[in-house]
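# Observations on chain architecture
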Amino acid sequence: MNALTLTADYGHAALPALHTNAPVANLAKAIAAVKNENGVVGKDGHNQFQHYKYAKMEDILQSLTPLMGKHGLAVMQSEGQRAMFDDDRVISITYHFTVFHSSGEIWPERLTQTGMSRCRDSKGGFDDKAINKCHTAARKYFLLALFQVPTGDADDAYAGEKRRQPPEHHDP
């Protein structure tokens, strides 16, 4: 079988070519194990302006980081492309993610996620945290998708843990 070689181009720095026939069994098994062991992350954050609840990044990391370590997984994030729109009031940044396993396996495909943030207020002032917000948003949604993390209210999180318990068996 011939390997299809992909060149990873992360801005100005080029990484070694990745091969699509590279083994990923340990990596896939570890991702599946994290998915299996992780429960519901509660929506404990509250947006006061738009009145909605959300899962906070710190809660997602507290849930996933120990499991990722336990199963030998690491995720690296690097900036790919920036774009400004809405009369330069909003920035979007596409990030590339590399998923590693302690066995040395690396996910062979370029995985991407885009973060977006308002970078100018109504008076035209620049938000110096806009790039950090893009970084955090992209990482948050990448991790949620990679590990298929369910999010819900605190009551939903508790119910989710109860759902994970094996059903009781009653003999007739």
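Here's what I pulled together on the structure shown here. Since the structure is predicted, the reported quantities are computational estimates derived from the model, not experimental observations. (Residues numbered from 1 in each chain as written. Predicted model: local features only at pLDDT ≥ 70, side-chain atom pairs only at ≥ 80, totals over all residues. Heavy atoms only, no water.)

## Some thoughts on the environment of Lys140
Tracing the chain through its elements places Lys140 in helix H3 (residues 130-146). For the pair Lys140 and Met57, spaced 83 residues apart in sequence, the C-alpha to C-alpha distance is 6.1 Å. In this view, Lys140 contacts Tyr54, Ala55, Met57 and Ile60; residues no more than four positions away in its chain are not counted. (Helix = DSSP H or I, 4+ residues; strand = E, 2+ residues; numbered from the N terminus. Contact = heavy atoms within 4.5 Å.)

## Remarks on the state of the cysteines
The tally for this structure, following the rule as stated, stands at zero disulfides. A disulfide-free cysteine, Cys134 has its sulfur positioned 8.0 Å from the sulfur of Cys119, the nearest such atom. (Disulfide = S-S within 2.5 Å.)

## Observations regarding unusual backbone geometry
Here the phi dihedral of His51 falls at roughly 55 degrees; this positive angle occurs in a residue that is not glycine. Summarising the element assignment, His51 is placed in the loop between strand S6 (45-47) and strand S7 (52-54). Phi angles above zero are rare outside glycine, and Asp86 is one such case at about 55 degrees. The class for Asp86 is partly exposed, based on a relative accessible area of 38%. (Buried < 20%, exposed > 50% of the residue type's maximum accessible area, 1.4 Å probe, protein only.)

## Focus on the sheet that holds strand S9 (residues 90-101)
Strands pair in a sheet through their backbones, by hydrogen bonds, and they do so in one of two ways: parallel or antiparallel. Spatial ordering of the open sheet is given by S8-S9-S10, a layout of three strands whose pairing is antiparallel. Each end of this open sheet is capped by a strand with a single partner; those strands are strand S8 (73-85) and strand S10 (111-118). Taking the axes of each pair of neighbouring strands and ignoring which way they run, one obtains an average angle of 25 degrees across the sheet. With 12 bridges joining them, S8 and S9 adopt antiparallel strand pairing. In the strand pairing of S9, Arg82 is matched with Ile93. (Pairing = 2+ DSSP bridges. Axes fitted to C-alpha atoms, helices over the stretch in contact; angles between N-to-C directions.)

## Focus: helix H2 (residues 57-70)
Given a rise of 1.5 Å per residue, 14 residues ought to cover 20 Å, and the 20 Å separating the end C-alpha atoms of H2 matches this to within 8%. The largest bend in H2 comes to about 30 degrees, at Leu64, with the proline Pro66 one to four residues further on. Turning to H2, its buried residues number three or more, namely Met57, Asp59, Ile60, Leu64, Leu67 and Met68. Against the buried residues of H2 lie helix H1 (25-37), strand S5 (41-42), S8 and H3. Of the residues trailing H2, Gly72 is marked for its positive phi of about 75 degrees. (Expected span 1.5 Å × (residues − 1). Bend = angle between axes of the 7 residues up to and from the residue.)

## Let's talk about the pattern of salt bridges
Any two side chains of opposite charge can pair, given that their charged atoms come close. As enumerated under the stated definition, the model contains five salt bridges in all. With a shortest N-O distance of 2.5 Å, Glu79 and Arg82 are connected by a salt bridge. Residue classification places Glu79 among the partly exposed residues on the basis of a relative accessible area of 31%. Here Arg82 falls in the partly exposed class, since its relative accessible area comes to 47%. (Salt bridge = Lys/Arg side-chain N within 4 Å of Asp/Glu carboxyl O.)

## Let's talk about the pairing of S9
Side chains on a regular strand alternate between the two faces of the sheet. Counting buried positions along S9 yields 10 of 12 residues, so the element is predominantly enclosed. Hairpin remark: S8 followed by S9, antiparallel, with four residues in the connecting loop; positive phi at Asp86, about 55 degrees. Where S9 lies against S10, eight bridges are found, and the strand directions are antiparallel. The residue bridging Ile93 from the neighbouring strand is Gly115, located in S10.

## Re the nonpolar core
In terms of nonpolar packing, the biggest core is built from 29 residues, with Leu64, Leu73, Val99, Phe142, Leu143 and Phe147 touching the most fellow members. Taken together, the elements giving at least two residues each to this core come down to H1, H2, S8, S9 and H3. Ranked by residue count, the leading element in this core is H3, at seven residues. Not counting residues within four places of it along the chain, the set of residues in contact with Val99 comprises Leu27, Ile31, Leu73, Ala74, Val75, Glu105, Ile106, Trp107, Leu111, Phe142 and Leu146. (Core = buried A, V, L, I, M, F, W, Y, C linked by side-chain atoms within 4.5 Å.)

## Details of the environment of Gln81
Mapped onto the elements of the fold, Gln81 is located in strand S8. Counting along the chain gives 15 residues from Gln81 to His96, while the straight-line C-alpha distance between them is 9.3 Å. In this structure, Gln81 is in contact with Ser92, Ile93 and Thr94, ignoring residues within four places of it in sequence.

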